[in-house]
Each structure stands twice: as C-alpha cells, then as structure tokens.
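This is what each chain is made of:
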Amino acid sequence: MSDRAVLHVKGRVLVGPDDVRDELWVVGGRISYERPAGARDIRSVEGWALPGLVDAHCHVGLDAHGPVPDDVSEKQALTDREAGTLLIRDAGSPSDTRWIDDRADLPKIIRAGRHIARTRRYIRNYAHEIEPDDLVAYVAQEARRGDGWVKLVGDWIDRETGDLSACWPREAAAAAIAEAHRLGARVTAHCFAEDSLRDLVEAGIDCVEHATGLTEETIPLFASRGVAIVPTLVNIATFPQLAAGGETKFPRWSAHMRALHERRYDTVRAAYDAGVPVYVGTDAGGSLAHGLVAGEVAELVTAGIPPVEALSATAWGARRWLGRPGLDEGAPADLVVYEGDPRADVRVLAAPRRVVLNGQVVG
C-alpha cells in the first residue's frame, strides 16, 4: 500500500473493552475516526480489530546459547509480528537490536538492556555477571542503554545450598533501584522463588517476572505497592522438565521447581484477585519459540483471570502500562484484525486475519 493510500478498517474496532466503534481510517500511517476528504485509493479490511498485541517479556537477539546474528533476530521479530505482537518489552538481551528501530515492518521494542546477574548465578552468555558492590554502576549503565527499563536476576540456583536463593543483599538492591529511578528507568527482576520478593518490593521495584514464589504474605505487599507481575505461564509449563533434568544433582531445587509449577495457576489468580497488575509475557527467545502470545493469554484465562482482563493484559492495559498508545486518534496504526470477537473467546488470537503495522498491511 502506498503512502497516499487509505486503509479502511470496518466491522468492530475495539478501542477499549467497552469502547467499540464501527470503523477507522488509516491515513499516512496514522489512525483517524473521520473519513478522509477526497479519499480514492482505499483498501478495506473487515473484522474485529484490536491494538497490536504486547509481549511484555520477550528476548529478541537471544537464544538458548546467548546472542544471535541479526538475521536470526529478524526472524524472531517477524515470527512475533505474524502472531500479532507489535509491541515488545525486551526483558534482557546481550545483542544490539537498535537497527530494528529503523525497520517500519518490524515490531516496536522497549528494551531493558542486558540482564544483570550475580557471578555464576544465571544462564551462561546472557548477563553481566557481577558482585553487589558493582550493582549500582551496572544498573546505571543499562538504564542509559535501555528504553526506560532495567532487568535484574533476582534469584537463581545456589550450588552450595542446592536450591533457589536471592542474589542481592537488600541494601544493594535498594541503592540500585533508586539509581535507576533517578535516571528515569523502571526496574524488573527475574524471580522464581519466595525469598527475594519482599526485599525487592520494599526496595521499590516496579515489576517482577514469573513471580511463581508469591505467597499469601507477599501478595498483599505487591498489591499495596502497585508492583506488576508478568507470569510467563507458557515458560512455567517447562518446570517439570527442568526439574527432571536436575533431579540427581539438585534434588532440593527439583522439588522446589515442581511445587512452584503445581501452584502456578492458584498463584496468578490469587495475585489478580488481590489487585496485583498482571501482564502478558512469553519469555520467548531463550529456550522458547517466538510467537506464543496467544497461548499466554489462554493460560491466564486457564488460571482464572476473566477473558476481557486477560485480553487487556496484552492489549489496552499493557499498552497503557508501557506508555504506548492503542487505537487512539492520530496514533500509529498498529493493529490486528480477527474473524471473531476476542472478548468472547481469546482463542481467536491464535489466527489473525490481518496484521497492520505503521499503517501497512504486513500479514
């Protein structure tokens, strides 16, 4: 479609969960709710339109072994785009993917810089591996490199104890989070277990990834502080396999991982019921494939989150949380069109009819 062409999206446009309009127009790559005067070269798309989906925990430029070449990063981003994911919060990557920002045909990325982990306490080739005395300096570095986010590894297996344990002393975490906030960045952390959560929340963290270790003691703390979680349930589904692989060497860790997996749905539902903000993220790009956003929304519904709220966690609410527009007048035309109403059945997300990015039909 040329820059002068007009795209007419008609049917049901879900500007919000209860704000449904009959049509929108795309002119010069941007949304308008008024028919453009004198429009002639018009292409039409019909169906149920949503804002481009959000994957709030994704890793472009990363695979199970570490950084990947640009052509692999491109394939990852294209796979997410074909699934309807048009906005990614990249929750840690060692690769420089800034070149993607110059590609109007690839999803928009909000970067958290590179993971920051304790020495020998994370996946090899992923993170800056440092000690607590250097945490503030590295957080400042990644806050300047990122797009308003920094990613810590809050807990990981401690080989001496044979189980998950917190990586950072409370004082070091508090100083690092304060420095990120001073520089205008929010902080999130990978946390599987229970024991790092209270310290991180009381230190001022903004979000926790996975959050499988939430308990009836820490859920109210998250809710009162407004700390969001991104459960990545499609990733948590791999815990039994991981536990089986470590059974011989780390039986305590294996049992812990199985227990976290078994209560995963109860944990997410309890957090949601308490008022903890919950957002969609897949953890794609490590050992998981890209393009899993529809599956993660379905998992949230399985956990007991109402379908419209699970949908908001990848659409209206997620975009608002990340400070990006939805289907607003004058906003970039990033939207996905479906055969049916995704509010009634989130499974329709698995089969986009059309994907529109920056006003161009790309899928």
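Residues numbered from 1 in each chain as written. Predicted model: local features only at pLDDT ≥ 70, side-chain atom pairs only at ≥ 80, totals over all residues. Heavy atoms only, no water.

J.: Looking at this model, I keep getting lost on the overall build of the protein chain. Mind explaining?
T.: Along the backbone of the protein chain there are 12 helices and 20 strands. Its C-alpha radius of gyration of 21 Å places the protein chain within 12% of the 21 Å reference for a compact globule of 363 residues. Principal-axis analysis of the C-alpha atoms gives the protein chain an extent of 70 × 40 × 35 Å. A buried classification covers 55% of the 363 residues belonging to the protein chain. (Helix = DSSP H or I, 4+ residues; strand = E, 2+ residues; numbered from the N terminus. Rg over C-alpha atoms; globule rule 2.2 N^0.38 Å. Buried < 20%, exposed > 50% of the residue type's maximum accessible area, 1.4 Å probe, protein only.)

J.: Looking at this structure, I do not really get helix H2 (residues 135-145). What am I missing?
T.: Three or four residues apart is the spacing at which side chains of an α-helix point the same way, because the helix has 3.6 residues per turn. The complete set of buried residues in H2 reads Leu135, Val139, Ala140, Glu142 and Ala143. The inward-facing, buried residues of H2 abut strand S10 (116-118), strand S11 (128-130), strand S12 (149-153) and helix H3 (170-182). (Contact = heavy atoms within 4.5 Å.)

J.: Honestly, the pairing of strand S4 (residues 42-51) in this entry has me stumped. Any pointers?
T.: Side-chain positions along a regular strand alternate between the two faces of the sheet. Bridge count between strand S1 (residues 6-14) and S4: 8 bridges; the pairing is parallel. By the bridge assignment for S4, Lys10 is matched with Glu46. Taken together, the 4 bridges between S4 and strand S18 (residues 335-338) define a ladder with antiparallel strand orientation. Bridge assignment links Trp48 to a residue of S18, and that residue is Tyr338. (Pairing = 2+ DSSP bridges.)

J.: Quick question: what am I supposed to make of the nonpolar core here?
T.: A general trend in soluble globular proteins is that nonpolar side chains are found buried together. Residues Leu50, Leu135, Leu152, Ile205, Phe222 and Leu300 are the most contacted members of the largest nonpolar core, which totals 77 residues. The biggest single contributor to this core is H3, with 5 residues. When sequence neighbours within four positions are dropped, the list of residues in contact with Leu50 reads Leu14, Leu311, Ala315, Trp316, Leu327, Asp334, Leu335, Val336, Tyr338, Pro342 and Leu349. Counting residues in each nonpolar core, the second largest holds 15 residues, with Leu7, Val13, Val337 and Val356 among its members. (Core = buried A, V, L, I, M, F, W, Y, C linked by side-chain atoms within 4.5 Å.)

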